[in-house]
Amino acid sequence: MSSKPILWNFFRSSASWRVRLALTLKSIDYEYKPVNLYTGEQLTEEFAQVNSKQEIPVLEIDGLRLTQSLPIIEYIDETRPQEPRLIPQDPVKRCKARMIAEIINSGIQPYQNTNVLKRLVNEIGEEKKNEWLKFYLTKGFKAIEAALVETSGKYCVGDDITIADLCLVPQVYAANRFNVDLTNFPHVLRVNSELEKLPAFHKCHAHRQVDTFPELREN
Ligand SMILES: N[C@@H](CCC(=O)N[C@@H](CS)C(=O)NCC(=O)O)C(=O)O
């Protein structure tokens, strides 16, 4: 296995974006291996050898092949404990950061996953699929907003970047892409715009990756 980490990902994949952020915030150089979810590259036999669940992200690092973005981020933070610490040392902050990350990871992202949306379009049509997205994303963002009222400072949990922030920004991008109105969630919008000012978040944005579609590319 190569010594430079390899990240199988896709510019728009929110779970991959979380890992891009972790690697970038920790100044870890990595090879970007694009997997186009729209053309079904994740469904090939070749990719099934990389991840039997046929999902991204997959990170090859330290001779290991890891899946699931949140455990990957935990591994990066534990093995590269330099600042910023993505998992807070304080147990209360740690629990709150993981709680917000989990609201997004298990409470929102599965409802918008590519294979789920594809199946919904086939079974109930485009309009009902959009209603589904609006319902589940709004429900999830209500929970995030309620959490941020209590936990946020400049960022999701106080004034330090945590795993929660790595999940929030890609999720806000997805909501905008699916035309879900976030105006009722002022803490979400405020924290998101603070995060977007940071160089690592600018660099990892979906519209600045090697596989970003040309019509979406931004500088
Ligand atoms: N809980 C997993 C979610 C992984 C996941 O669902 N990835 C999506 C992209 S964000 C995917 O690869 N979807 C492929 C498909 O739906 O066919 C993680 O955090 O890594």
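Residues numbered from 1 in each chain as written. Predicted model: local features only at pLDDT ≥ 70, side-chain atom pairs only at ≥ 80, totals over all residues. Heavy atoms only, no water.

1. Quick look at the pattern of salt bridges
Working step 1: Counted according to the given criterion, the structure contains twelve salt bridges.
Working step 2: The residue lysine 128 makes a salt bridge to glutamate 131 at a minimum N-O spacing of 3.8 Å. A residue pair is termed a helical-turn pair when its members lie 3 or 4 positions apart in one helix, as lysine 128 and glutamate 131 do in helix H6 (residues 126–151) at three residues.
Working step 3: We classify glutamate 131 as partly exposed; its relative accessible area is 43%.
Working step 4: Here lysine 197 makes a salt bridge to glutamate 194, at a shortest N to O gap of 3.1 Å.
Working step 5: Its relative accessible area of 59% is what places lysine 197 among the exposed residues.
Working step 6: Residues participating in the shared-partner salt-bridge network are Lys26, Asp77 and Arg85. (Salt bridge = Lys/Arg side-chain N within 4 Å of Asp/Glu carboxyl O. Helix = DSSP H or I, 4+ residues; strand = E, 2+ residues; numbered from the N terminus. Buried < 20%, exposed > 50% of the residue type's maximum accessible area, 1.4 Å probe, protein only.)

2. Side note on the pairing of strand S2 (residues 31–34)
Working step 1: Alignment of strand S1 (residues 6–9) against S2, held across four bridges, turns out to be parallel. Across the sheet, residue tryptophan 8 finds its bridge partner in S2, namely lysine 33.
Working step 2: Following the chain from S1 across helix H1 (residues 14–25) to the adjacent parallel S2, one finds a crossover that is right-handed. (Pairing = 2+ DSSP bridges. Right-handed = clockwise from strand over helix to strand, strands pointing away.)

3. Overview of the packing of aromatic side chains
Working step 1: Per the stated rule, a full pass over the model turns up eleven aromatic pairs.
Working step 2: With 6.3 Å between their ring centres and 65° between their planes, phenylalanine 10 and phenylalanine 213 make a pair best called edge-to-face. Linking phenylalanine 10 in the loop between S1 and H1 with phenylalanine 213 in the segment after helix H9 (199–204), this pair joins segments that are 203 residues apart in sequence.
Working step 3: On the accessibility criterion, phenylalanine 10 (2% relative accessible area) is buried.
Working step 4: One aromatic cluster in this structure is built from Phe10, Phe11, Tyr38 and Phe213. (Phe/Tyr/Trp six-rings, centres within 6.5 Å; stacked < 30°, edge-to-face > 60°.)

4. Some thoughts on the environment of glutamate 150
Working step 1: Looking at where glutamate 150 falls in the secondary structure, it is placed in helix H6.
Working step 2: Glutamate 150 sits in the exposed class, given a relative accessible area of 65%.
Working step 3: With 141 residues separating them along the chain, glutamate 150 and asparagine 9 place their C-alpha atoms 33 Å apart.

5. Focus: the sheet that holds S1
Working step 1: Spatial strand order, S2-S1-S3-S4: four strands in an open sheet with mixed pairing. One side of each edge strand has no neighbouring strand; the edge strands of this open sheet are S2 and strand S4 (64–67). Adjacent strand axes in the sheet meet at a mean angle of 20°, parallel and antiparallel pairs treated alike.
Working step 2: Pairing of S1 with strand S3 (residues 58–61) involves three bridges; the strand directions are antiparallel. By the bridge assignment for S3, isoleucine 6 is matched with glutamate 60.
Working step 3: Sitting on the sheet, helix H3 (residues 69–79) touches S3 and S4, and the angle it makes with S4 is about 135°. (Axes fitted to C-alpha atoms, helices over the stretch in contact; angles between N-to-C directions. Contact = heavy atoms within 4.5 Å.)

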